[in-house]
Amino acid sequence: MRKIFILLLLVLISGPLMEVYSQQNINPREVKISELSDSQVQQIYNEIMNRGLSEQQAMTLAQAQGFTTQQINELRQRFEQLKLGASSSAGNDSTQITEGTADFMNVLSQKELIIADEEEQRLFGFQFFNSEKLTFEPSVNLPVSDSYIIGAGDGISIDIWGGSEQSYQLMVDNSGNINIPGVGGVQIEGLTLSKARQKIFDKLVLIYSDLAGDQPKTFANIYLGQIKPIKVHVVGDVFVPGSYTLPGSATAFNALYLAGGPNLNGSFRAVKVIRDGKIIKTLDVYNYLINGDATENISLRDDDVIMVPSYINRVRIGGEFKRTGIFEAKEGETVSDMIKYAGGFSDKAYHNRVEIFRNESRRMLFKSILANAFESETVQNGDSIFVGVMTQRIENRVMIEGAVMRPGNYEIGEGLMLSELLKQADGIREDAFLERGQILRLDENFQLQNISFDVKELLSGTFDTELQREDIVTIYSIDELRQARLINIRGEVAVPGAYEYREGMTLADLIALSGGFLESASSSYIEVARRLSHEETAKYQFKTGHLFQFSISRDLALDEQDKQFVLMPFDKVYVRKAPGFVEAGTVRVMGEVIYAGEFNLSSRQERISTIIKRAGGLTPDAFPEGAMLTRKVEMNPKIKRLREQLMKQDTTLKFDDLGFEVLAIDLKHALMNPGSKEDVFLKEGDELLIPRELQTVRVGGEVLNPNSTPFVRGKSLRFYVNQSGGFSDFAKKGKAYVIYPNGKAAATTKILFFKNYPKVLPGSEVVIPAKRERQPLPATAWVSIGSSVASLALTIVTIVNAVN
């Protein structure tokens, strides 16, 4: 293993020393890279770096000595796994290259922003030179091709490794030579890169003899290290004419890109490249855009001139083409060529004819060009070509709809008969109406025409007719021609509603279909309403229908009565609620009772006194005068809409929808007098609250200091008002009232000139309302009153004078 490692190391760092180990018959192909340790791989890499070889040079040398590509790739992977190859020297080289590139880029011309109007943007080819997604910005980082022409200012780099090691950085001088130490000057200006490389190599063999031969010991890499900048002049009808500095590898499109391309007057079809006073190439940008011909994009040399002349023929294209805009046509080009440049017709275009609006300097002409003349009709300067939309008229279609197996559109052939169309539609359905079918047709005057036929005769073969384009054949369904036959069931069934009528359906069948009886249903009183027959409605009568009453077993068992009465379409069945059925309801008793909680209503006449008795009676702390009964209120939708309408009509109205109401009760009186008017009946959802005796009285409204005051037995309303600071200036004393804990209220009464305030109990609330605010009379009102008084006084004086 050690011998193999030494062999590989010697191969990579010193080719001649390989001869020492060749005598030991060690085959390089037997070296297993995977068996080398990490330290050995590190040592190999360090020796390569110490010898000044690049990784690529070392690998090339190893391949020349007999190592396989797989072995070399494995060694590269080992270098990558150990994160080798990113040494500081490489980083410095990269920095030098980057800095050199940056200096070079500072010399190159940059593209200016082109602000084009809408007309200029419609030029076909404008986006090619001014698109954000497509750029012909010249790049100095791309390698040049072997056809690149060497010129003064280009830098040639030569790397020698193997038996000898040397690097050269040579510049082509103004005489076109490079000076290789030990060789002398080599004339390479005007040569392609491939020929220059071969010429330099031939000269290097003079000083490095082991470069030649079938098994060379020394190797050379000759490449273009620096590309000279060139200056190109773009003139004519371009957006930004001028002189531009580009890399030596730049092409004509690179220069046109920097100049913004041809402007509104410029030609895309005859761009001239002038070198040494001669036109060496006439570029047709369309040939590149349409056909992708890269030969149009030729390489440039220093001091080349790109001249963009004015356009040849300007043609505007619009309508249903894939591309529309402003195009250029060469002399002799036809409508067909322009259609090609426009990308062809769109999917909606009418292909058989195009319209041309032609400018003949003194007048406008219109030409209609048919498809057979596209190749022969030449276009002229100023032409506008337009193609319209294909009509939606279908030439070979008939339609069949209704009760057939496959309704839809069908192709009409020569002499298509109605029977054949029905056969193509796989015949009629079982529910087809056989008495009549219809054909809807447009006659020669484009008026709708209806043609009726007997479907039975069509099926039997005694009738047939030839169809025409756009005929619509309709085979009706029996269900389409009659009213939907439904039966309604309402009342105490699981799923009330409308059900489709079935022949032979009985009452029990319908009840079963609707989910059966509810527990609340009365099976002994079921009513069926049936409308009058056609014969009965033929003449006027007071009777509007028939009524039937039945009783059915709750298990829906069949009996003779059920079999004999068969339901008819449009019957309405009503299942009534059992008279004695009542949903089990509960009430809630809270507060000061022995057993608070929910209680089931065991009777329709359950009262407050009986519930209190069932709750074990009141506790010693109970305050029956403050007991409150609340009841759920379910607002009827009709009443709700009525209230909304009233509030719209009168904005002062306001209805509270709290979902419950308070029943003012006198619990003490109810308990002392069971069955009295105070001992009210209870309903489902009622809540009865018996509080402890409250010790305060709240005073609110128009008093100076609204607050709660301790209750003092025997004191009047005026006492509690004084405890709150007395009446305010806006208080309406005669309307003071008291709200008691049980929900009742008492107002102030008046006996002659004396106010009789209501009694105050613990937990009460004293409310002092405010006086209505009075608006002062405006000046105009006082003027009117004065005028009226003056007029009245004048009238009285006049009457008095007349009497005297």
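Residues numbered from 1 in each chain as written. Predicted model: local features only at pLDDT ≥ 70, side-chain atom pairs only at ≥ 80, totals over all residues. Heavy atoms only, no water.

A count of helices and strands for the protein gives 21 helices and 37 strands. Within the span of the protein, comprising 804 residues, buried residues form 37% of the whole. Expressed as a percentage of contacts within the protein between residues at least 6 apart in sequence, the contacts between residues at least 24 apart total 61%. (Helix = DSSP H or I, 4+ residues; strand = E, 2+ residues; numbered from the N terminus. Buried < 20%, exposed > 50% of the residue type's maximum accessible area, 1.4 Å probe, protein only. Contact = heavy atoms within 4.5 Å.)

This next bit is on the packing of aromatic side chains. Enumeration over the complete set of coordinates arrives at 17 aromatic pairs. Relative to Phe253, the ring of Phe128 has its centre 5.6 Å away and its plane inclined at 85°; by these criteria the two rings are edge-to-face. Taken together, the residues Phe128 in helix α8 (residues 126–130) and Phe253 in helix α10 (residues 252–258) connect sequence positions 125 residues apart. Here Phe128 and Phe253 have matching classes, each one buried. (Phe/Tyr/Trp six-rings, centres within 6.5 Å; stacked < 30°, edge-to-face > 60°.)

Looking now at the sheet that holds strand β16 (residues 397–402). Each strand in a sheet pairs with its neighbour through backbone hydrogen bonds, running either in the same direction (parallel) or in the opposite one (antiparallel). With mixed pairing, 5 strands are arranged side by side in an open sheet as β17-β16-β20-β18-β19. The sheet terminates laterally at β17 (408–411) and β19 (448–453), the two strands that pair on one side only. Taking each pair of neighbouring strands and ignoring which way they run, the sheet shows an average axis angle of 25°. In terms of strand pairing, strand β18 (residues 432–442) meets strand β20 (residues 472–477) through 5 bridges, oriented antiparallel. Paired with Leu440 across the bridge in β20 is Ile472. (Pairing = 2+ DSSP bridges. Axes fitted to C-alpha atoms, helices over the stretch in contact; angles between N-to-C directions.)

Right, let's talk about the nonpolar core for a bit. Core analysis: the largest hydrophobic core is formed by 54 residues, its most contacted members being Leu256, Ile306, Met338 and Ile385. Per element, the largest residue contribution to this core is 6 residues, and it comes from α10. Once residues within four sequence positions are removed from consideration, Met338 is found in contact with Val315, Ile317, Phe327, Glu328, Ala329, Glu333, Val379 and Ile385. Residues Val144, Val186, Ile222 and Leu224 belong to the second largest nonpolar core, which totals 22 residues. (Core = buried A, V, L, I, M, F, W, Y, C linked by side-chain atoms within 4.5 Å.)

Further remarks concern the pairing of β19. The sheet contact formed by β18 and β19 spans 6 bridges and is antiparallel. By the bridge assignment, Gly437 is partnered in β19 with Phe453. Where β18 hands over to β19, the hairpin turn is made up of 5 residues, of which Phe446 adopts a positive phi near 60°.

To continue, consider the confidence of the model for the protein. On average, residues of the protein carry a pLDDT of 82, and 87% of them reach 70 or more. Below pLDDT 50 for its whole length, residues 13–25 participates in 14 contacts with residues either more than four positions away or in separate chains. Here residues 86–105 is a poorly scored stretch, pLDDT under 50, and it has 13 contacts once near neighbours within four places are set aside; other chains count. (pLDDT = per-residue confidence, 0-100.)

A word on helix α9 (residues 193–204). For α9, which comprises 12 residues, the first-to-last C-alpha distance of 16 Å matches the rise-based estimate of 16 Å (1.5 Å per residue) to within 8%. Looking only at α9, the buried set comprises Leu193, Ala196, Ile200 and Leu204. For α9, the buried positions fall inside an angular range of 75° around the axis, keeping them on one side. Structurally, α9 contributes buried residues whose contacts are with β1 (155–162), β3 (177–180) and β5 (218–226). (Expected span 1.5 Å × (residues − 1). Arc of directions from axis to C-beta.)

Attention now goes to unusual backbone geometry. Positive phi, normally seen in glycine, also occurs at Glu470, with a value near 70°. Relative to the helices and strands, Glu470 is located in the loop between α14 (455–460) and β20. The partly exposed category is assigned to Glu470, whose relative accessible area is 24%. Here the phi dihedral of Phe570 falls at roughly 75°; this positive angle occurs in a residue that is not glycine.

Now for the environment of Asn179. Tracing the sequence through the fold places Asn179 in strand β3. Taking relative accessible area as the criterion, Asn179 reaches 54% and is therefore assigned exposed. It is 10.0 Å that separates the C-alpha atoms of Asn179 and Gln169, two residues lying 10 residues apart in sequence.

Right, let's get into the pairing of strand β25 (residues 572–577). The sheet contact formed by strand β21 (residues 486–491) and β25 spans 4 bridges and is parallel. Looking at the pairing, Ile489 lines up with Val573 of β25. Of the pairings in the sheet, the one linking strand β23 (residues 521–531) to β25 comprises 5 bridges and is antiparallel in character. The partner of Ala529 across the bridge, within β25, is Lys572.

Taken together, the side chains of Arg718, Lys733, Lys750, Lys755, Lys771 and Arg774 define a basic patch exposed on the protein surface. Counting through the fold element by element, Lys733 comes out in the loop between α20 (717–723) and β33 (737–739). (Patch = residues over 30% accessible without salt bridge, like charges linked within 9 Å, V, L, I, M, F, W, Y side chains within 5 Å. Areas by Shrake-Rupley, 256 points an atom, 1.4 Å probe, with all protein chains shown as cover. Salt bridge = Lys/Arg side-chain N within 4 Å of Asp/Glu carboxyl O. Lys, Arg positive; Asp, Glu negative; His and termini not counted. Charge placed at Lys NZ, Arg CZ, Asp CG, Glu CD.)

This next bit is on a nonpolar patch on the surface. Together, Phe357, Met364, Phe366 and Phe386 line one region of the surface with nonpolar side chains, adding up to about 400 Å² of accessible area. Counting through the fold element by element, Phe386 comes out in strand β15 (residues 384–387).

Let us look at the sheet that holds β1. Taken in spatial order, the 3 strands line up as β2-β1-β5 in an open sheet, and their pairing is antiparallel. The open sheet terminates on both sides in strands that have one partner only, identified here as β2 (166–171) and β5. The mean inter-strand angle of the sheet, taken between neighbouring strand axes irrespective of direction, is 15°. Pairing between β1 and β5: 8 bridges, direction antiparallel. Note that in β5 the partner of Gly155 across the bridge is Gln226. Along the sheet, α9 makes contact with β1 and β5, crossing β5 at roughly 140°.

Secondary-structure assignment places Asp154 in the loop between α8 and β1. Since its relative accessible area comes to 0%, Asp154 is described here as buried. A polar contact is formed between the side chain of Asp154 and the backbone nitrogen of Gly151, at a distance of 3.0 Å. (Polar contact = N/O pair within 3.5 Å; in protein donor to acceptor, adjacent residues only side chain to side chain.)

Evaluated as defined, the whole model comprises 27 salt bridges. With a shortest N-O distance of 3.1 Å, Lys456 and Glu435 are connected by a salt bridge. Here Lys456, found in helix α14, pairs with Glu435, found in strand β18; they are 21 residues apart in sequence, far enough to count as distant. The residue Arg614 makes a salt bridge to Glu606 at a minimum N-O spacing of 3.0 Å. Exposure remark for Arg614: the relative accessible area of 36% places this residue in the partly exposed category. By relative accessible area, which is 5% here, Glu606 ends up buried. Salt bridges sharing partners connect three or more residues here, namely Arg269, Asp284, Lys330 and Glu333.

For the rest of this paragraph, the subject is the side chain of Glu120. Take Glu120: it is sitting in helix α7 (residues 118–121). Arg314 is the oppositely charged side chain nearest to the buried, salt-bridge-free Glu120, at an N-O distance of 9.6 Å.

This paragraph deals with the environment of Ala259. Within the fold, Ala259 resides in the loop between α10 and β8 (271–275). Put simply, Ala259 and Tyr244 are 15 residues apart on the chain and 8.5 Å apart in space, counted from C-alpha to C-alpha. Excluding residues within four positions of it along the chain, Ala259 makes contact with Val234, Val238, Phe239, Val240 and Tyr244.

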